[in-house]
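Take a look at the letters that make up each chain.
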Amino acid sequence: NYLAKHGNGKFATLVKFKMGHIAYEESNYPEAEKWLTPLASLKGSENADIKRKSEDLILDILNIRKDYAGIKAFSKKVMSSSADESRKKNMNKIMEEAHFTEIQEFAKTGDKNLASDKLIAFAKEHEGSKLSQDALWQALSLQYTEGKVFEAAELSLKFVQKYPDDKRNLDALKEAA
């Protein structure tokens, strides 16, 4: 009722957030997104808190849906619109984890060779990350599983060279031999 009379009123942003938050709490995610998505694009320091809370709720909705591609895209958007370095770092971590999980989900049902290629590409793209190490390990494991022994042995040697302190190195070298 307030929004019908005062669409751009003093409390319109707060009322819209409250509508989205109530829908979210009731697990009515499409309705929540309808209210929260425009709020996640707000500009200005007076709206920063509502913008951030809206972004977080949207990310949670995407996570509940297991929409990893959506999480990646949305966290990238949040990163580009934020001036807060800690927020950017957190969004980068969320984006990276969503990307990794997306590939893992694909590996469960999709082409194992393509999944291995995606894991190798992920490892290169996120080189400084712990997930990069896990991606490379999973890629070489998939290659062995698929009978690509020579490629897997080569990747095992790269893994050992790149991560000399990894506790799985002995296994990697045994397999490569």
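First, a word on what this report is: a plain description of the structure on this page. Since this is a predicted model, take the numbers as computed values, not measurements.

Reading the values: rules and limits
Residues numbered from 1 in each chain as written. Predicted model: local features only at pLDDT ≥ 70, side-chain atom pairs only at ≥ 80, totals over all residues. Heavy atoms only, no water. Salt bridge = Lys/Arg side-chain N within 4 Å of Asp/Glu carboxyl O. Helix = DSSP H or I, 4+ residues; strand = E, 2+ residues; numbered from the N terminus. Buried < 20%, exposed > 50% of the residue type's maximum accessible area, 1.4 Å probe, protein only. Phe/Tyr/Trp six-rings, centres within 6.5 Å; stacked < 30°, edge-to-face > 60°. Lys NZ or Arg CZ within 6 Å of the ring centre and 35° of its normal.

The subject of this paragraph is the pattern of salt bridges. Evaluation of the coordinates by the stated rule reveals 15 salt bridges. The salt bridge involving R87 is made with E55; its shortest N-O contact spans 2.7 Å. You can see R87 sitting in helix 6 (residues 85-109) and its partner E55 sitting in helix 4 (residues 48-64), a full 32 residues away along the chain. The burial state of R87 is the same as that of E55; both residues are buried.

Overall, the coordinates contain four aromatic pairs when judged by the stated rule. Judged by centre distance (6.0 Å) and plane angle (55°), the rings of Y24 and Y29 are tilted. Neither Y24 nor Y29 differs from the other in exposure class; each is buried. Residues W137 and F159 carry aromatic rings whose centres are separated by 5.3 Å and whose planes lie at 55° to one another, so their mutual orientation is tilted. Of this pair, W137 sits in helix 8 (residues 130-145) while F159 sits in helix 9 (residues 149-162), placing them 22 residues apart in sequence. With relative accessibility at 17%, the residue W137 sits in the buried group. Taken together through their ring pairs, the aromatic side chains of W137, F159 and Y163 make up a single cluster. A cation over a ring is seen here: K118 above F106, with NZ or CZ 4.4 Å from the ring centre.

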